[in-house]
Amino acid sequence: MTRILQFLFISLFINLITTTQVKASVDPHTLSNIDDVKVSHMSLDLTADFEKKRLSGSITYSLNWQKKASKLVLDSSNINIGSVTARCNNQWKPAEYTKQSKDEILGEAIHISVNNQCDRVKLQYHTSQNSKGLQWLEPPLTAGKKHPFLFTQSEAIMGRSWLPMQDTPAIKLTYDARIQTPKNLRALMSADFNHKAPLDGSFSFTMNEPVAPYLIALAVGDLHYQGWSKRSGVWAEPVILEAAAKEFEDTEAMIVATENVFGPYPFGQYDLLILPPSFPFGGMENPKLTFVTPTVIAGDKSLVSLISHELAHSWSGNLVTNARWQDLWLNEGTTSYLENRILEDIYGAPLAKMEQVISYQALLEEFKELEPEHQGLVLPLTGIDPDEAFTDVPYTKGQLFFLTLEQHYGRKNIDSFLKNYFKHYAFKTITTPEFVSYLQENLLAKKSSTPLTIEQINEWLTKPGLPETHYHPSSEKLSNIDHAIKFWKANPLIPEKIQTKNWTTQEFVYFLTNLPKDINAEQIKVLDKTFKLTNSKNAEISLAWFPITIHNDYRASFAALAEHFKTIGRRRLIVPLYKMLAKNPSQCEWGASTYQQARSSYHPLTQSTIDKVFDCKSQEL
């Protein structure tokens, strides 16, 4: 095929993807008018009021007009506006505004009457107790139990509940902030700041690198710091600081390993912040300050893949960002591939291979539950809250996509491609059609004994399941666990004969998730007694064990399961278990009751997800 024909075919293909999803320039999850005007910088001046549980103050926008227009439209959700002023022709004056288009998912659009003569707009406002992006924690729900805690979660579209803004990854902006707090607490943000600032109730921040709005983050609490290097360290409450510093001490080595292959770390500082257990995610890649769940502090570094994942986002996600949430795989798939490469470099190929296999198995299981239209890399999210729609598909199927590219074009070529890709799109946003065009020109066009066609790429993007040409993960270590599983099936009452002394967390997880589903009470009891599974302090092992006990109604584990629910708010570790209980008529009431006891400690996002899970009365019909 000639280069001209190739170009025409690719152009038609890219147009097909674009038109079957949504126009490339439009993010369906924003009400803002970014085609008319874009916010290029924000200045925040906010006070954290723990008594009223609200942020109050002002936000000032610097405007970059794209064309003649007569309004600025912002996204908001449960925001209370006091006043709006605008600087037009170098004079500040009141500006008229209205709230319109209230939507259950998207919130409200704030329409501000300004035009191209206005370069600044300032809002006085405060948040409400229904702000989904904020969690205010009383002291008993923190690690230290002495001081309250506040943290934000803006991804995907919760940022608009504490910052009225153009809440879309289609734009990037810089920001600065002044945050006022009680004088015994420290404020941190995803920006540059003085690590030794005194606790005087006022903290200043500057973010000079442009980032997507969902990456603006704030935390306030009894926070202390321990550094590993000049550019890297960990913030945490004092009671867990030492354990966190030890667990994640390889962070600087991870940064160096990633830089050696994919280019310089682009954000200067890279710190971690350990949040209270209610944090709904494993981690959140806020620039310069990754938010981390305490559930990965296992004491043996067995769960540090989460840190490598969030670090990798500094390149794939924070530096180069998906412009639309349906293209989330551009962030998460690329990051999951980089994560595995970092693990391989720091901890060796055997661990990286085990992680690949475990993720692959989980994806195949999830395919059984997902509708076909939700199995392609490009997600059909129009009309859907993206926080409810994210699955393993953009993560693991995305990782397999890049592993497949590596398999067909070689590691040297994929490394060169990604390094140049990060450089080419640095501090920009990108859609799937744009990525496909860049991929075709800079990788697929290279010589290969097994080249991939544009049709095969389309299979990954739009078709259910996995293409026949996909990379198949394998692990010698986990193949050995298959022998242990075979032995257990033949000898279920003598699991002590299985040599588990040197097993890693990954090996235990693989062992448990690949046991037969139906196990009788005596077998479970012996298994539990031998390996002390019910009371495991390792969250990943618990996640593999509790489905066995729920499925087989092993009630001896339910007290520990209830404690699991009460002390962990990470959605991945609790939502699947709640769903299992809800589906079983004999367990549904117990699950619903346990949830109600734990509910107040969960993040609003977690609450909104699990609130929809239990309908025990319908099962009685």
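The structure this text deals with has already been given above.
Since the structure is predicted, the reported quantities are computational estimates derived from the model, not experimental observations.

Q: In this structure, what is going on with the overall build of the chain? I would like to understand it.
A: The helix and strand tally for the chain stands at 20 helices and 21 strands. The C-alpha radius of gyration of the chain comes to 25 Å, within 12% of the 25 Å expected for a compact globule of 621 residues. Within the chain, buried positions represent 58% of all 621 residues. Long-range pairs, those at least 24 residues apart, make up 72% of the contacts in the chain with a sequence separation of at least 6. Positive and negative side-chain charges in the chain, numbering 62 and 67 respectively, have mean positions lying 3 Å apart.

Q: Honestly, the state of the cysteines in this entry has me stumped. Any pointers?
A: Covalent bonding between the sulfur atoms of two cysteines defines a disulfide. All told, the structure shown has two disulfides when counted by the stated rule. One disulfide in the model links Cys88 with Cys118; its S-S distance is 2.0 Å. With the S-S bond torsion at 95°, the cross-link from Cys88 to Cys118 turns out right-handed. With Cys88 in strand β4 (residues 79–88) and Cys118 in strand β8 (residues 118–127), the pair connects residues that are 30 residues apart, well separated along the chain. Each member of the pair Cys88 and Cys118 is classed as buried. Covalently, Cys588 is tied to Cys616 through a disulfide, its sulfur atoms 2.0 Å apart. Around the S-S axis, the bridge from Cys588 to Cys616 shows a dihedral of about -85° and counts as left-handed. One end of the pair, Cys588, is in helix α18 (residues 588–598); the other, Cys616, is in helix α20 (residues 616–620), and 28 residues separate them in sequence. Of the two residues examined, Cys588 and Cys616, each falls in the buried class.

Q: Quick question: what am I supposed to make of the sheet that holds strand β19 (residues 289–292) here?
A: Within a beta sheet, neighbouring strands are joined by backbone hydrogen bonds and run either parallel or antiparallel to one another. Strands sit in the order β15-β16-β17-β19-β18 across an open sheet of five strands; the sheet is mixed. Two strands close off the open sheet at either side, each with one partner strand: β15 (224–229) and β18 (283–284). The pairing of strand β16 (residues 232–236) with strand β17 (residues 270–274) spans four bridges and is parallel. Bridge pairing in β17 places Gly233 opposite Asp271.

Q: Would you explain the sheet that holds strand β3 (residues 72–76) in this entry?
A: A sheet is described by the order of its strands in space; here three strands give the open sequence β3-β7-β6, paired in antiparallel fashion. Of all strands in the sheet, those bounded by a partner on one side alone are β3 and β6 (97–103). Recorded for the sheet is a direction-independent mean angle of 25° between the axes of neighbouring strands. Relative to strand β7 (residues 107–112), β6 is paired through five bridges, and the arrangement is antiparallel. Bridged to Asp103 within β7 is Gly107.

Q: Could you clarify how one ought to interpret the pairing of β16 in this entry?
A: Side-chain direction in a regular strand flips from residue to residue, so the side chains alternate between the two faces of the sheet. With respect to burial, β16 is a largely interior element, five of its five residues being buried. Of the two faces of β16, the one lined by Ser232, Val234 and Ala236 and the one lined by Gly233 and Trp235 are each fully buried. Summarising the sheet, β15 and β16 pair through five bridges and their orientation is antiparallel. Pairing of Gln226 across the sheet is with Val234, part of β16. In textbook terms, the turn of a hairpin is the stretch between consecutive antiparallel strands, and for β15 and β16 this stretch comprises two residues.

Q: Explanation requested: the environment of Trp503 in the structure shown.
A: The topology assignment puts Trp503 in the loop between α12 (476–490) and α13 (505–513). You can call Trp503 buried: its relative accessible area is 16%. A C-alpha to C-alpha distance of 9.3 Å links Trp503 and Ile481, two positions 22 residues apart in sequence. Dropping the residues within four chain positions of it, Trp503 is found in contact with Ile481, Ala484, Ile498, Phe508 and Phe511.

Q: Would you mind showing me how to read the pattern of salt bridges here?
A: Pairing of side chains with opposite charge becomes possible as their charged atoms draw close. This model, assessed by the stated rule, comprises 25 salt bridges. For the salt bridge of Arg178 with Asp45, the shortest nitrogen-to-oxygen distance reads 3.1 Å. In this pair, Arg178 is assigned in strand β11 (residues 173–180) and Asp45 in strand β1 (residues 37–49), connecting sequence segments 133 residues apart. Of the charged contacts, one joins Asp75 and Arg160 as a salt bridge, the two residues approaching to 3.6 Å between their closest N and O atoms. Remark: Arg160 occurs in the loop between β10 (149–152) and β11 and Asp75 occurs in strand β3; sequence separation between them is 85 residues. Arg160 carries the same exposure label as Asp75, and that label is buried. Overlapping salt bridges bring together Lys246, Glu249, Asp250 and Lys301 as one network.

About the criteria used
- Residues numbered from 1 in each chain as written.
- Predicted model: local features only at pLDDT ≥ 70, side-chain atom pairs only at ≥ 80, totals over all residues.
- Heavy atoms only, no water.
- Helix = DSSP H or I, 4+ residues; strand = E, 2+ residues; numbered from the N terminus.
- Rg over C-alpha atoms; globule rule 2.2 N^0.38 Å.
- Buried < 20%, exposed > 50% of the residue type's maximum accessible area, 1.4 Å probe, protein only.
- Contact = heavy atoms within 4.5 Å.
- Lys, Arg positive; Asp, Glu negative; His and termini not counted.
- Charge placed at Lys NZ, Arg CZ, Asp CG, Glu CD.
- Disulfide = S-S within 2.5 Å.
- Pairing = 2+ DSSP bridges.
- Axes fitted to C-alpha atoms, helices over the stretch in contact; angles between N-to-C directions.
- Salt bridge = Lys/Arg side-chain N within 4 Å of Asp/Glu carboxyl O.

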